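Listed here are the chains, written in short residue letters.
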Amino acid sequence: MLQQLVNGLILGSVYALLALGYTMVYGIIKLINFAHGDIYMIGAFMGYYLINILKFNFFLSLILAMIGTAILGVVIEFLAYRPLRNSTRIAALITAIGVSFLLEYGMIFFVGANTRSFPQVIKTVRFNLGPISISNIQLLILGISIFLMVALQFIVQKTKMGKAMRAVSVDSDAAQLMGINVNRTISFTFALGSALAGAAGVLIALYYNSLEPLMGMTPGIKSFVAAVLGGIGIIPGAALGGFVIGLLETFATALGLSDFRDAIVYAILIVILLIRPAGILGKNVKEKV
């Protein structure tokens, strides 16, 4: 059980990084960005080509993949979502699904649908701590994930742009009247969330030693479930939800329910929506009609 707990925390840290992107975008413009999982896939491919073709080391490739996915997130927001900002919610949601398919099948067109092996640039070393066996790759993934989550929390709580993000999420019109550039703040939010997704893509490709153009579909949906579970729009809630989903999935596999682990995650979503729609850390807010 201790071993499964460790494995669940490693997987959950990646889900947490993805869920943070969902929750930030929803918190600021009330959009569920279903293309977020595919930005995670693009990040994995960026890392693959930077390491395999350009022969960069892992850490430089990780940083460049984060920068590349941040730029991609800003471009998607500018071209696809900004023109629909004042339209209906359903129009923006359908556009997000369309962008998701565009990224997936665009990558299939350009690089093919085959599964590739991610270059193992870091030699695996295993550490045995009593009943627990953990590798340096797992420790690296957990360490980088926690560092990025702490850095995000610092940016949101302690910086001027973070204060602008929080103001826009509460009331974008009032924030604009106070001199905050709403468009720039929203673009920064997309860049931040996309960079985290790109980092998650590189880390998970290194962990599983494989990547393919449709790899972002299932993790993307599970990360959305994690964001809802923790309280969508709440950053600590998204991180908590990611770890919970990772632990649930790992323990389901350990109990011999690996064929049903996805169903268990979606069942959790249904239960949460029925019992506590605001999520674990969310608060029920009454709206005047």
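Criteria and cut-off values
Residues numbered from 1 in each chain as written. Predicted model: local features only at pLDDT ≥ 70, side-chain atom pairs only at ≥ 80, totals over all residues. Heavy atoms only, no water. Buried < 20%, exposed > 50% of the residue type's maximum accessible area, 1.4 Å probe, protein only. Helix = DSSP H or I, 4+ residues; strand = E, 2+ residues; numbered from the N terminus. Arc of directions from axis to C-beta. Contact = heavy atoms within 4.5 Å. Axes fitted to C-alpha atoms, helices over the stretch in contact; angles between N-to-C directions. Parallel < 35°, antiparallel > 145°, perpendicular 65-115°, else oblique. Left-handed = near helix turned anticlockwise from the far one by under 90°. Nonpolar A, V, L, I, M, F, W, Y, C, P; charged D, E, K, R; others polar. Salt bridge = Lys/Arg side-chain N within 4 Å of Asp/Glu carboxyl O. Pairing = 2+ DSSP bridges. Core = buried A, V, L, I, M, F, W, Y, C linked by side-chain atoms within 4.5 Å. UniProt positions renumbered as here; feature names shortened; annotations may be inferred. Polar contact = N/O pair within 3.5 Å; in protein donor to acceptor, adjacent residues only side chain to side chain.

With respect to helix H6 (residues 160-170)
Piece 1. Turning to H6, its buried residues number three or more, namely Gly162, Ala164, Met165 and Val168. Mapping the buried residues of H6 onto a view down its axis gives an arc of 155 degrees, with all of them on the same face. The exposed residues of H6 that point more than 90 degrees off its buried face are Lys160, Lys163 and Val170.
Piece 2. Of the surrounding secondary structure, the elements contacted by the buried residues of H6 are helix H1 (2-29), helix H5 (136-158), helix H7 (172-177) and helix H8 (182-208).

Description of the packing of H1 against helix H2 (residues 36-52)
Piece 1. Where H1 contacts H2, the axes come no closer than 10 Å and their chain directions differ by 125 degrees. The angle between the axes of H1 and H2 places the two elements in the oblique class. Where H1 crosses over H2, the handedness of that crossing is right-handed. Residues Val14, Leu18, Gly21 and Tyr22 of H1 touch H2, and the partners they reach there are His36, Gly37 and Tyr40.
Piece 2. Classifying every residue of the contact of H1 with H2 gives 4 nonpolar, 3 polar and no charged.

Overview of the pattern of salt bridges
Piece 1. Applying the stated criterion across every chain yields a total of 5 salt bridges.
Piece 2. Taking the shortest distance from any N to any O, the salt bridge between Glu249 and Lys222 comes out at 3.0 Å. Of this pair, Glu249 sits in helix H10 (residues 235-254) while Lys222 sits in helix H9 (residues 217-230); the two residues are 27 residues apart in sequence, bridging distant segments of the chain. An identical accessibility class is assigned to Glu249 and Lys222; each is buried.
Piece 3. For Lys222, a relative accessible area of 3% corresponds to the buried category.
Piece 4. Taken together, the salt bridges that share partners define one network made up of Lys222, Glu249, Arg261 and Asp262.

Topic: the pairing of strand S1 (residues 126-129)
Piece 1. Pairing geometry for S1 and strand S2 (residues 132-135), over 4 bridges, is antiparallel. Note that in S2 the partner of Phe127 across the bridge is Ile134.
Piece 2. Here S1 folds back onto S2 in antiparallel fashion, the turn holding 2 residues, of which Gly130 has a positive phi close to 65 degrees.

What to know about the nonpolar core
Piece 1. If you look at the biggest cluster of nonpolar residues, it comprises 81 residues, and the most contacted ones within it are Tyr40, Phe58, Tyr81, Phe118, Leu152 and Leu211.
Piece 2. With 15 residues, the single largest contributor to this core is H8.
Piece 3. Sequence-distant contacts of Tyr81, defined by excluding residues within four places in its chain, comprise Leu31, Asn33, Ala35, Ile76, Ala92, Thr95, Ala96, Val99 and Phe190.

Side note on the UniProt feature "transmembrane region" (unreviewed entry) in the protein chain
Piece 1. Per the UniProt record, the feature "transmembrane region" (unreviewed entry) sits at residues 6-25, 32-51, 57-79, 91-112, 132-156, 186-208, 228-251 and 263-282.
Piece 2. Within the segment residues 228-251, helix and strand shares are 83% and 0% respectively, and the terminal C-alpha atoms sit 20 Å apart.

Quick word on the environment of Pro83
Piece 1. Position of Pro83 relative to the elements: it lies in the loop between helix H3 (58-81) and helix H4 (89-111).
Piece 2. For Pro83, a relative accessible area of 58% translates into the label exposed.
Piece 3. In sequence terms Pro83 and Ala200 are 117 residues apart; their C-alpha atoms lie 29 Å from each other.

Here's the deal with the side chain of Thr23
Piece 1. By secondary structure assignment, the location of Thr23 is in helix H1.
Piece 2. A distance of 3.2 Å separates a polar side-chain atom of Thr23 from the backbone nitrogen of Ile234.
Piece 3. Beyond its immediate stretch of four places on either side in the chain, Thr23 contacts Ala227, Gly231, Ile232, Gly233, Ile234, Ile235 and Ala238.

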